[in-house]
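# A look at the structure
This is what each chain is made of:
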Amino acid sequence: MKSPKDQGPVSVKSEASGSPKKGFIGLFAGLELPNLIQMMAMNGFTGKVELRCGSRAGEIYLKHGEIVHARLEDTAGVKAFEQLLGWVEGEVLLEAERQPPVETIDVPWHALLIQAMARIEDREAAPEKAQEQPPGKSQPQASELLRLRSFHRVLLDRPGVSNCLIGKAGQVLCPAQPVPKLLHWFRIMWEVLESSCKMTPPDAGGEPLMLCMVLEARGWLLVRLGDFVVAVELEKGTDLAGIHREIVRLWEKG
Amino acid sequence: MAAQESPLAELAATDGVRMVCVFAPDGRLLSSVPKAMENTPWIEFLQTWSGHPCLSWPELEEMALFYPNSLVIWRRIGENRNLSDGPSNLGEALYRNIFLVAEPATSLSLLRVSLDVKEHGWRALGIHKVFPSSAGKGSEGGILSKLFRRPTH
């Protein structure tokens, strides 16, 4: 594998102006492209990352470490970024200080990378499943998924939370590949939650604010947030009301 | 039976608890405290839950619903199987559905501990003996209830 640094700085001709510009060029076969992007983001890089693979070309722009634009042929934004990150070989050209022609991404770089990596893992884990997806089936938007993944990660970091599932319409969205047992439990939780919303007791004051369940001796807290359901597995002794408030606050904070 | 003599009396006397009741797997009310609550729509609501297919999932052991004005706890107590341990109990399910209705601010942990303690004692005696299915109205669970028992998921 050759890293960009192996080849050192070179001068390449700008196609538009014909004037020389400074940058690094290299081949990235075997190089983990997400690692390269992460390294640049962490170092506050500003400029363009140009990627080429055969006849295909794409570019990613960073501004003070944040990924602000990506383009792959006719696609731009998060979708283009995710597709580019899935490339496993090609050429990379770094052009520092180059400003983006337009900004199409407004998501923190770490959330963007997590999301993109999760999607790549999804595709690798179940390519057939992805192809079998019925056309027209309602899927969350990339930005929505991104937010969920980030939210999922934040919740998992909370003290007292040992597991977290986020889903919609009975389907688990986060994590991308839940173990079958968790998937099965989520369906049970979803059914109970749906039923509890349909059956409101007298003088209860409305639908349940939250639900707790014990499934095979493991305690879960469920909260409905719009169309989504968040289920967190709690360690014994965790303050239920406190976690509930925290989940709602974090969600509203966005 | 006076409320004080009911096996549910102690639980019903716990701070914040408004009502405790036990249902047979087929939805029959077996015991409740206080009796006055039997004339309220709560019984119908809990009875509906008791027979709800969701509660048949063997993995689901307990549930707490936090409504704005109430806290409802359900737990399956006893053995989660329909087979009996002797010919005299043939076909009688050995578990019961217990519900507690409490004030919304009542501590769930406290109620769970109280329930744990009581359940421990009832298990030692035999849940189906503490809350016999003949205590309620309707038919006994006999051989037919064994043959036509509710499906498990």
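Here, every reference points to the structure presented above.
Let me begin by describing the structure that accompanies this report. Because the structure is a prediction, the values reported are computed rather than measured.

Turning next to the overall build of chain B. Within chain B one finds five helices and five strands. Taken from N to C terminus, the helices and strands of chain B fall in the order α-β-β-α-β-β-β-α-α-α. Long-range contacts, defined here as pairs at least 24 residues apart, represent 62% of the contacts in chain B between residues at least 6 apart.

Moving on, we come to the interface of chain B and chain A. How large an interface is tends to be reported as the accessible area lost when its parts come together. Each side of the interface is counted separately: chain B has 23 residues, and chain A has 23 residues. Looking at the side of chain B that touches chain A, the elements with two or more residues in it are helix H2 (41–50) and strand S3 (60–66) of chain B. A class-by-class count of the residues in the side of chain B that touches chain A yields 15 nonpolar, five polar and three charged. Bridge analysis of strand S10 (residues 210–215) of chain A against S3(B) gives six bridges, and the strand direction is antiparallel. Looking at S3(B), one finds that Met213(A) is bridged to Met63(B).

Here the focus is the environment of Leu183(A). Residue and element names in this part refer to chain A. For Leu 183, the location among the structural elements is in helix H7 (residues 180–198). Taking the number of C-beta atoms within 10 Å as the measure of exposure, Leu 183 has 14 and is therefore partly exposed. Considered as a pair, Leu 183 and Gly 167 are 16 residues apart in the sequence and their alpha carbons are 10.0 Å apart. Non-local contacts of Leu 183, meaning those with residues more than four positions away in its chain, are made with Val 172 and Pro 178.

Further remarks concern the pairing of strand S11 (residues 218–225) of chain A. Residues and elements named next belong to chain A. Taken together, the five bridges between S10 and S11 define a ladder with antiparallel strand orientation. Residue Cys 212 lies in a different strand from S11, and its bridge partner there is Leu 221. What sits between the antiparallel neighbours S10 and S11 is a turn of two residues, in which Glu 216 has the positive phi angle 50°. Alignment of S11 against strand S12 (residues 228–234), held across six bridges, turns out to be antiparallel. Bridge assignment links Leu 221 to a residue of S12, and that residue is Val 232. Adjacent in sequence and paired antiparallel, S11 and S12 are bridged by two residues, among which Gly 226 carries a positive phi angle near 65°.

All names here are of chain B. Mapped onto the secondary structure, Leu 94 falls in the loop between strand S4 (71–78) and strand S5 (95–102). Taking the number of C-beta atoms within 10 Å as the measure of exposure, Leu 94 has 20 and is therefore buried. Sequence spacing of Leu 94 and Pro 25 is 69 residues, and the spatial spacing of their C-alpha atoms is 8.8 Å.

Moving on to unusual backbone geometry. Across the junction of Cys174(A) and Pro175(A), the peptide omega takes the value 0°, indicating a cis bond. Along the chain, Pro175(A) turns up in the loop between strand S9 (171–174) and H7. Note the cis peptide between Val33(B) and Pro34(B), where omega equals -5°. Phi is positive for Glu73(A), which is not a glycine, with a value near 50°. Secondary-structure assignment places Glu73(A) in the loop between strand S5 (66–72) and strand S6 (75–76). Judged by the 10 C-beta atoms lying within 10 Å of it, Glu73(A) falls in the exposed class. A positive phi is found at Ala217(A), a non-glycine position, where the angle reads about 70°. Relative to the helices and strands, Ala217(A) resides in the loop between S10 and S11.

What counts as what
- Residues numbered from 1 in each chain as written.
- Chains lettered and ligands numbered in written order.
- Predicted model: local features only at pLDDT ≥ 70, side-chain atom pairs only at ≥ 80, totals over all residues.
- Helix = DSSP H or I, 4+ residues; strand = E, 2+ residues; numbered from the N terminus.
- Contact = placed C-beta atoms within 7 Å.
- Nonpolar A, V, L, I, M, F, W, Y, C, P; charged D, E, K, R; others polar.
- Pairing = 2+ DSSP bridges.
- Buried ≥ 20, exposed ≤ 12 C-beta atoms within 10 Å, placed from the backbone.

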